Amino acid sequence: MKIMLVEDNEAIIMGLEYLLSQEGYQVVTARNIAEASVILAKEECVLILLDIGLPDGDGFELCRKIKRQTQTPVIFLTAREEETDVVKGLDMGADDYIVKPFRNRELISRIRGVLRRSGKGNPVLRCGDIALNTETGRVTRCGEEISLTKLEYRILGSMMSCPGKLFTRDEILSDIWDISGNFVNDNTLSVTIKRLREKLGDNEGRFIRTVRGMGYRVEH
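Conventions used here
- Residues numbered from 1 in each chain as written.
- Predicted model: local features only at pLDDT ≥ 70, side-chain atom pairs only at ≥ 80, totals over all residues.
- Heavy atoms only, no water.
- Phe/Tyr/Trp six-rings, centres within 6.5 Å; stacked < 30°, edge-to-face > 60°.
- Helix = DSSP H or I, 4+ residues; strand = E, 2+ residues; numbered from the N terminus.
- Buried < 20%, exposed > 50% of the residue type's maximum accessible area, 1.4 Å probe, protein only.
- Lys NZ or Arg CZ within 6 Å of the ring centre and 35° of its normal.
- Salt bridge = Lys/Arg side-chain N within 4 Å of Asp/Glu carboxyl O.
- Pairing = 2+ DSSP bridges.
- Axes fitted to C-alpha atoms, helices over the stretch in contact; angles between N-to-C directions.

(A) Layout of the packing of aromatic side chains. Under the counting rule described, the total for this entry stands at two aromatic pairs. Between Phe60 and Phe76 the ring centres are 5.3 Å apart and the planes differ by 65°, which places this aromatic pair in the edge-to-face class. You can see Phe60 sitting in helix H3 (residues 59-69) and its partner Phe76 sitting in strand S6 (residues 74-78), a full 16 residues away along the chain. Phe76 carries the same exposure label as Phe60, and that label is buried. Centroid distance Phe76 to Tyr97: 5.8 Å. Interplanar angle 50°. Geometry classified as tilted. Remark: Tyr97 occurs in strand S7 (residues 96-99) and Phe76 occurs in strand S6; sequence separation between them is 21 residues. With respect to burial, Phe76 and Tyr97 carry one shared label: buried. Through a chain of ring-to-ring contacts, three or more aromatic side chains come together here, namely Phe60, Phe76 and Tyr97. Positioned above the aromatic ring of Phe167 is the side chain of Lys165, whose terminal nitrogen or guanidinium carbon lies 4.2 Å from the ring centre.

Below is the structure:
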């Protein structure tokens, strides 16, 4: 899948090109609006990462042009954090607005989220020999289907959407609170993680890692 990056900062360009390529995306880079317009005319991209302050104009204007001509998702990636700019960007149709400096894993997670919502993302999350299909709800290990409860599926899906990221226990509890409308306490979370590991064949905790005193993370 091809992503267009519209950015004039060379250090950010190099970092994002490496990050996105590691996640399996092909990156085409435009350093100004003129270059971006040329790319838009001849390339089909699944998503556009767009800065606001560009050498030859305003990223807001480019976003308007993109949204008039295509259905391609746009994520603003900018140092401008004023509320008026965020509201302006979202009101004109941007699919997300991320302020620099950003965290790499969060950026990747939000890109995946935008792509899923737009119908352009890969519905299958993979980490090692575990695969989770967000469309069918099927979870497999080495091709063999694993039956999970709704709570187990929600926890696994959250962590697999951002492998390597530390999820605190509070974050996980907050995320799963509304599944059944019932309160999920800390002990229930511990028991659910234990059962999930057993079902995944992860009895030694090498896939779902415990970070003592903090939370959990899923290994790549």
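(B) Spotlight on the pattern of salt bridges. Applying the stated criterion across every chain yields a total of 22 salt bridges. A salt bridge links Glu7 to Lys100; the shortest N-O distance between them is 2.6 Å. One end of the pair, Glu7, is in the loop between strand S1 (2-6) and helix H1 (10-22); the other, Lys100, is in the loop between S7 and helix H5 (104-118), and 93 residues separate them in sequence. Take Glu7: its relative accessible area is 2%, and that puts it in the buried class. Using a relative accessible area of 16% as the deciding quantity, one classes Lys100 as buried. The partner of Asp95 in a salt bridge is Lys67, with the nearest N and O atoms 3.0 Å apart. With Asp95 in the loop between helix H4 (83-91) and S7 and Lys67 in helix H3, this pair connects stretches of sequence that are 28 residues apart. A relative accessible area of 32% places Asp95 in the partly exposed class. A relative accessible area of 23% means that Lys67 is categorised as partly exposed. Taken together, the shared-partner salt bridges connect Asp96, Arg103, Glu106 and Arg110 into one network.

(C) Seen up close, the sheet that holds strand S8 (residues 124-127). Across the sheet, four strands lie side by side as S8-S9-S10-S11; this open sheet has antiparallel pairing. The sheet terminates laterally at S8 and strand S11 (144-146), the two strands that pair on one side only. On average, adjacent strands in this sheet sit at an angle of 25° to one another, irrespective of strand direction. Note: strand S9 (residues 130-133) against strand S10 (residues 139-141), three bridges, orientation antiparallel.

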